[in-house]
Amino acid sequence: MDKNLATQRLVDQFVEMAKIASPSRKEGKFAAYMKKELEALGFSVEFDTAGEKVGGDTGNLIATLPGSKTAEPLMFCCHMDTVLPCEGIQPIIDGDVIRTDGTTILSGDDKAGIAAIVEAIRRIRERKVEHGLLQVVLTICEEVGMYGSKGLDYSKIKAKRAFIFDSSGAIGKIVVQGPAKDVIKAVVHGRSAHAGLAPEKGISAIQVAARAIDKMTLLRIDEETTANLGTISGGMATNIVAEQVEVVAEARSLLNEKLDKQSGHMKECFEQAAREYGASVDVSIDRSYAAFQLSPDTPAVKQCVEAMQRLGLEPKLQSTGGGSDCNVFNGHGITAVDLAIGMTDVHSKQESIKISDMETVTRLVESIIEHNK
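The text that follows walks through the structure, step by step, so that each part is easy to find. The structure displayed is predicted, hence computed values, not measured ones.

Below, the discussion takes up the state of the cysteines. Following the criterion strictly, the structure yields zero disulfides and no others. Here Cys-78 stays unpaired: no disulfide links it, and the sulfur of Cys-77, its closest cysteine neighbor, is 6.4 Å away. The class of Cys-78 is buried, set by a relative accessible area of 1%. Looking at the unpaired Cys-304, the closest cysteine sulfur is the one in Cys-326, lying at 9.9 Å. For Cys-304, a relative accessible area of 0% puts it in the buried group.

This is the structure in structure tokens:
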């Protein structure tokens, strides 16, 4: 097919995808659309039950295309859900840029990645390029906690290398290191009393929480570790000594042992403050996902670097402070890298992506598949 026509087909499909609203837990309509598109390319498509666990209307989409040659099975992954507002998206094409009309997001995060993967495989099929087994996994609920990848039926995944197209920034960025994250929840139990008549009979849970927070090391801990207080709630009225307060926080680190130390520090601050005031506290620490780090010699990383070099791109191995499906896959024994696709101002009404970047990502996927051994 003529290059310009192929690029136009890519753009047309992305625009079509963007117009299908798919907020977290309501990806069903878009999933049905993708099932038809992938089946038309020869994939067998099935859904797991991850959606049932989170109150969603569909599970993760798992598509498999048998190989025409013996080669390492590969998985290409994006998430189907988008942030709000995503109803009535009307993409505007302005030269080389696709942007929103200013009333919604664009949903390039992550439909630009999906469009590029589909178009790349379409071109591979049209050129009759021999390839190994390919899987396309489109997850649900990534934006609200990676619940799709966490609940994925891994018994259906044949590939041990995954390429995730879900990072903003210039094409060439390869995310090879990501942090672990803990969610810390503390419920402080004080004792209520009338604040005007007998405040000395009470123990203020708010005061206990404040003392604990004052003792904490927070925000940027070091170049690898962060911590933040997210929400504080509790108390009933100004004339009642607060009996209970709930604090929800998070901590992240590129090193699991540093995260253990930071989360333990925050827990100890709550427990020490409770002892000081004669209160009690229940602290839970939930590991949302583990850290990962891939060396430059990792086969999946080398495949990305070599594919980029073939296209004249400059590969840049980077770490990130955010979490993604990449963390979860690596935690399940699948070597996964996250690749930038050029999207900008994601999660906002100013979101945009360049057509030329989408075309480059498409050719990158083609190159990875075509030269896979």
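The next subject is the packing of helix H4 (residues 108-126) against helix H10 (residues 355-370). Relative to each other, H4 and H10 sit at 50°, their axes nearing to 8 Å. Viewed along their axes, H4 and H10 adopt a mutual orientation that is oblique. Note on packing geometry: the crossing formed by H4 with H10 is right-handed. Each of Ala-112, Ala-115, Ala-116, Ile-117, Glu-119, Ala-120, Ile-121, Arg-123 and Ile-124 in H4 lies in contact with H10, whose residues at this interface are Met-358, Glu-359, Val-361, Thr-362, Arg-363, Val-365, Glu-366, Ile-369 and Glu-370. Looking at the contact of H4 with H10 residue by residue, the class counts come to eleven nonpolar, one polar and six charged.

Another aspect to go through is the packing of helix H8 (residues 299-310) against H10. Where H8 contacts H10, the axes come no closer than 9 Å and their chain directions differ by 120°. The pairing of H8 with H10 is recorded here as oblique in orientation. Here the hand of the crossing between H8 and H10 comes out right-handed. Judged by residue contacts, Gln-303, Cys-304, Ala-307, Met-308 and Arg-310 of H8 engage Leu-364, Ser-367 and Ile-368 from H10.

Its 16 residues give helix H1 (residues 3-18) an end-to-end C-alpha distance of 23 Å, which sits within 8% of 22 Å, the value for a rise of 1.5 Å per residue. Turning to H1, its buried residues are Ala-6, Thr-7, Arg-9, Leu-10, Val-11, Gln-13, Phe-14, Val-15, Met-17 and Ala-18. Where H1 is buried, its residues touch helix H2 (28-40), strand S4 (92-94), strand S5 (97-99), H4, strand S17 (352-354) and H10.

Strand S3 (residues 74-79) sits mainly inside the fold: six of its six residues count as buried. The alternating pattern of S3 places Leu-74, Phe-76 and Cys-78 on one face and Met-75, Cys-77 and His-79 on the opposite face, and all of these are buried. Note: S3 against strand S6 (residues 134-139), six bridges, orientation parallel. Within S6, the residue paired with Met-75 across the bridge is Gln-135.

A word on the environment of Asn-330. With respect to the helices and strands, the residue Asn-330 is situated in helix H9 (residues 325-331). Remark: the alpha-carbon pair of Asn-330 and Leu-294, spanning 36 residues in sequence, is separated by 9.5 Å. Apart from residues no more than four positions distant in its own chain, Asn-330 is found in contact with Phe-292, Leu-294, Thr-335 and Ala-336. Here the side chain of Asn-330 touches Cys-326 through a polar contact of 2.9 Å, landing on its backbone oxygen.

A sheet is described by the order of its strands in space; here five strands give the open sequence S10-S11-S12-S9-S13, paired in antiparallel fashion. Since the sheet does not close on itself, it has two edges, and those belong to strand S10 (219-222) and strand S13 (280-289), each with one partner. Geometrically, the sheet is characterised by an average inter-axis angle of 20° between neighbouring strands, direction not taken into account. Bridge count for strand S9 (residues 180-189) against S13 is nine bridges, and the pairing is antiparallel. The residue bridging Ile-184 from the neighbouring strand is Ile-285, located in S13. Most of the contacts of helix H6 (residues 205-214) go to strand S12 (residues 244-253), to which it runs at about 20°, and overall it touches S9, strand S11 (225-234) and S12. Against the sheet, helix H7 (residues 256-277) engages S9, S10, S11, S12 and S13, with an angle of about 165° to S13.

Procedures and definitions
- Residues numbered from 1 in each chain as written.
- Predicted model: local features only at pLDDT ≥ 70, side-chain atom pairs only at ≥ 80, totals over all residues.
- Heavy atoms only, no water.
- Disulfide = S-S within 2.5 Å.
- Buried < 20%, exposed > 50% of the residue type's maximum accessible area, 1.4 Å probe, protein only.
- Axes fitted to C-alpha atoms, helices over the stretch in contact; angles between N-to-C directions.
- Helix = DSSP H or I, 4+ residues; strand = E, 2+ residues; numbered from the N terminus.
- Parallel < 35°, antiparallel > 145°, perpendicular 65-115°, else oblique.
- Left-handed = near helix turned anticlockwise from the far one by under 90°.
- Contact = heavy atoms within 4.5 Å.
- Nonpolar A, V, L, I, M, F, W, Y, C, P; charged D, E, K, R; others polar.
- Expected span 1.5 Å × (residues − 1).
- Pairing = 2+ DSSP bridges.
- Polar contact = N/O pair within 3.5 Å; in protein donor to acceptor, adjacent residues only side chain to side chain.

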